Amino acid sequence: MTAAPELVDPRKTFGQAVTEFAADDSRVVVLSADSGVSSGFGAFRDRFPGRYLEFGIQEHGATGVASGLATTGLVPVFAAIAAFVTNRNYEAFRNDVAYMGQNVKIVGRNGGMTYSDLGPTHYSLEDYAIIRMLPGVVVLSPQDPGEIRAAARAMLTHEGPVYMRIGGPAIANLFAEGPFVIGKGRTHRSGDVATVVSTGPATANTIAAVDALRAEGVTLDLLCMPTVEPVDAELIIESATRTGHVITVEEHYDRGGLSAAVSECLGPLRVRHDAIGLPHQHVITGTYEGLLATYGLDAEGLTRQLRDIVAAGRPASAK
Amino acid sequence: MAPQDLRIEAEEARLLILRMLRGGRSGHVGGALSCVDILTTLYFDEMDIDPLEPTRPDRDRFILSAGHKALAQYAVLARRGYFPEPWVDTYSDLGSRLAGHPDMHKLPGVEANTGALGHGLSIACGIALGLRLQERRSRVFVVLGDGELPEGSNWEGAAMAAHHQLGNVVAFVDVNDLQISGRTADVMNMEPIADKFAAFGWKVRTIDGNDVEQIQGVLAEVDRDSSSPTAVVAQTTKAKGVSSLEDTAASHYWKPAAAEMAEAEAEIRARLQQLSLQTVAR
């Protein structure tokens, strides 16, 4: 029996990474909408009080401020609940950040349905979809603490608007920490039956499901994608050409997000594509684990869904 | 700059605003004409700017929150030498640098891509904070329209400017009392505007926004080291300077017939001539 993996808070990991980066780059400023400490910026606020700007509970205005700050050469990081920094402020994100092409970093924490008991007002199950529609905006969805650290550095080094989604519940290390290249994924398991493409915290359970199927003799290519936009089309096409079947997995509606990004790059290949995610409805509330189990996104559910899709060619959630 | 020279510049800008509507074009002329005296005074008399170095880091900034009044900004930028005057003749053409709303990446002197209403004040606050963090003494001037005030985001900006003590922000509210559907008081009454800004913690002045001497006067009072932002409630006349259009909601977006254009231009030219004669007489 193996020891339980160490679990760490993704928000603290993220805040710490930005704080370390900011020690060497005085251009980095943090915007809070009564959300900075919850987003992992307690240490940043204590260390760089002049660069920690509080706006209270408002996201539209704070996004405009981020744009204005960026026009003066600063690198603003605005982190708050994912649902609020993508929906409430969408027009400011679209016009003041994307259209103005500003070097603004917007980070949605507690993404997906991690605020499970608080309900759909606090879920972000469409954020990849709506933000990836904004031209020139990078959408990052790191999958483990090491990737969060590396993605934070990559985000701050990248010139241009970035949206990054992180979760809330503690997560385990999945990968050896290495360099992070925006737009590049990694092949984490090799197989020839189908290609599985996953992103964000859903990758942990996807790895477990892929390994469970391997034990049953079903070998799947697993591509782990910390960038949703631009997605690593080269890696996906290479794998899909070999397997002829792609299955996407994400804690997001099963349309519009990673599934759409993958589908768009698969177009010319005419391979089968099945999407695993949340059904397009206002999902229920409860414990996070309960929700994952209900919607088949825990390790058992993903194993079942992947097994069924591979066997029958249609997603279990559609049955 | 002497008030008389500013008046002449404003009339020249009015002529350019109309010139952009020649050839069957149309545009938001009513608001452009109501705010053009404010823009002229800012660009010619008040702001620390250099058209030859439009991105100088310590320049003063201007944000046109009511981005549909772009005709006024284009006219004043052209007059001030930010770009060759003939560019105005491309207004609204396919791929033009001068579209119905300003684009910072296409036109020197434009600081933000406005047009959707209620965005300018927050962007201005961000610029003001960024300047202060970098210990620059530059100021940020904003023009809001009275018709955009119902957008709640304006009041997010109003709160943060006061909270963060952005004395380097000066916001003019161009109160021309009209919007597409009619009187602002009837569409959505936001009065008392001055009291609202004061309640948010702003210093507030009320002036005639078509009187350059009053605009100069209020700007002379602004203390950039103050801990309060300044709101100038500028009472103006929609379509000021074209008497057939003045104070009409129809002027909000205007497509002039050739005869209407000739009459409007003749009226402005006559006023320009009178202003020049007065100057010579002195």
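Conventions we followed
Residues numbered from 1 in each chain as written. Chains lettered and ligands numbered in written order. Predicted model: local features only at pLDDT ≥ 70, side-chain atom pairs only at ≥ 80, totals over all residues. Heavy atoms only, no water. Helix = DSSP H or I, 4+ residues; strand = E, 2+ residues; numbered from the N terminus. Expected span 1.5 Å × (residues − 1). Buried < 20%, exposed > 50% of the residue type's maximum accessible area, 1.4 Å probe, protein only. Axes fitted to C-alpha atoms, helices over the stretch in contact; angles between N-to-C directions. Left-handed = near helix turned anticlockwise from the far one by under 90°. Contact = heavy atoms within 4.5 Å. Nonpolar A, V, L, I, M, F, W, Y, C, P; charged D, E, K, R; others polar. Polar contact = N/O pair within 3.5 Å; in protein donor to acceptor, adjacent residues only side chain to side chain. Salt bridge = Lys/Arg side-chain N within 4 Å of Asp/Glu carboxyl O. Domains from an automatic or database assignment. Buried area = accessible area lost by both parts, 1.4 Å probe. Pairing = 2+ DSSP bridges.

### A short note on helix α1 (residues 3–19) of chain B
Residues spaced three or four apart along an α-helix point in a common direction, a consequence of the helix completing one turn every 3.6 residues.
Move 1: Relative to the 24 Å expected for 17 residues at 1.5 Å per residue, α1 of chain B spans 24 Å between its end C-alpha atoms, a close match to the ideal helical length.
Move 2: Here α1 of chain B lies mainly inside the structure; 13 of its 17 residues are buried.

### Remarks on the packing of α1 of chain B against helix α8 (residues 212–221) of chain B
All names here are of chain B.
Move 1: Closest axis-to-axis distance for the α1/α8 pair is 9 Å, and the angle between their directions is 115°. In the packing of α1 onto α8, the handedness of the crossing is right-handed. When α1 is examined against α8, the residues Pro3, Leu6 and Arg7 are found in contact with a partner set consisting of Val212, Glu213 and Gln216.
Move 2: Taken together, the residues of the contact of α1 with α8 break down into 3 nonpolar, 1 polar and 2 charged.

### Observations concerning the side chain of serine 35 of chain A
Residue and element names in this part refer to chain A.
Move 1: Examined against the element boundaries, serine 35 turns out to sit in the loop between β2 (28–32) and α2 (42–47).
Move 2: One polar contact links the side chain of serine 35 to the main-chain carbonyl oxygen of alanine 79, over a distance of 3.0 Å.
Move 3: Setting aside chain neighbours within four positions, we find serine 35 in contact with Ala79, Ala80 and Arg109.

### Digging into the pattern of salt bridges
All names here are of chain B.
Move 1: Under the criterion given, the structure shown has 37 salt bridges over all chains.
Move 2: Here glutamate 46 makes a salt bridge to arginine 139, at a shortest N to O gap of 2.9 Å. Within this pair, whereas glutamate 46 is found in helix α2 (residues 29–46), its partner arginine 139 is found in the loop between α4 (120–133) and β2 (140–145), the two being separated by 93 residues in sequence. Like glutamate 46, the residue arginine 139 is buried in the burial classification.

### Points about the domain arrangement of chain A
All names here are of chain A.
Move 1: Per the domain assignment, the segments making up chain A are domain 1 (8–172) and domain 2 (186–311).
Move 2: In this structure, domain 1 and domain 2 have C-alpha centres spaced 25 Å apart.
Move 3: Taken together, the contact between domain 1 and domain 2 spans 26 residues of the former and 35 residues of the latter.
Move 4: For the pair domain 1 and domain 2, the summed buried area comes to about 2,300 Å², and 60% of that belongs to carbon and sulfur atoms.
Move 5: Scanning the region where domain 1 abuts domain 2 turns up 3 salt bridges.
Move 6: Residue glutamate 264 is joined to arginine 132 by a salt bridge in which the shortest nitrogen-to-oxygen separation is 2.7 Å.
Move 7: Linking domain 1 with domain 2 are 20 residue pairs in polar contact (both at pLDDT 80 or more).
Move 8: When residues of the side of domain 1 that touches domain 2 are traced back to their parent elements, those giving at least two are α6 (127–131) and β6 (138–140).
Move 9: Grouping the amino acids of the side of domain 1 that touches domain 2 by side-chain chemistry returns 12 nonpolar, 8 polar and 6 charged.

### Notes on the sheet that holds strand β4 (residues 75–81) of chain A
All names here are of chain A.
Move 1: The sheet built from 7 strands is open, its strands ordered β3-β2-β4-β5-β7-β6-β12 with mixed pairing. One side of each edge strand has no neighbouring strand; the edge strands of this open sheet are β3 (52–54) and β12 (227–229). Averaged over all pairs of adjacent strands, the angle between their axes in this sheet comes to 20°, without regard to strand direction.

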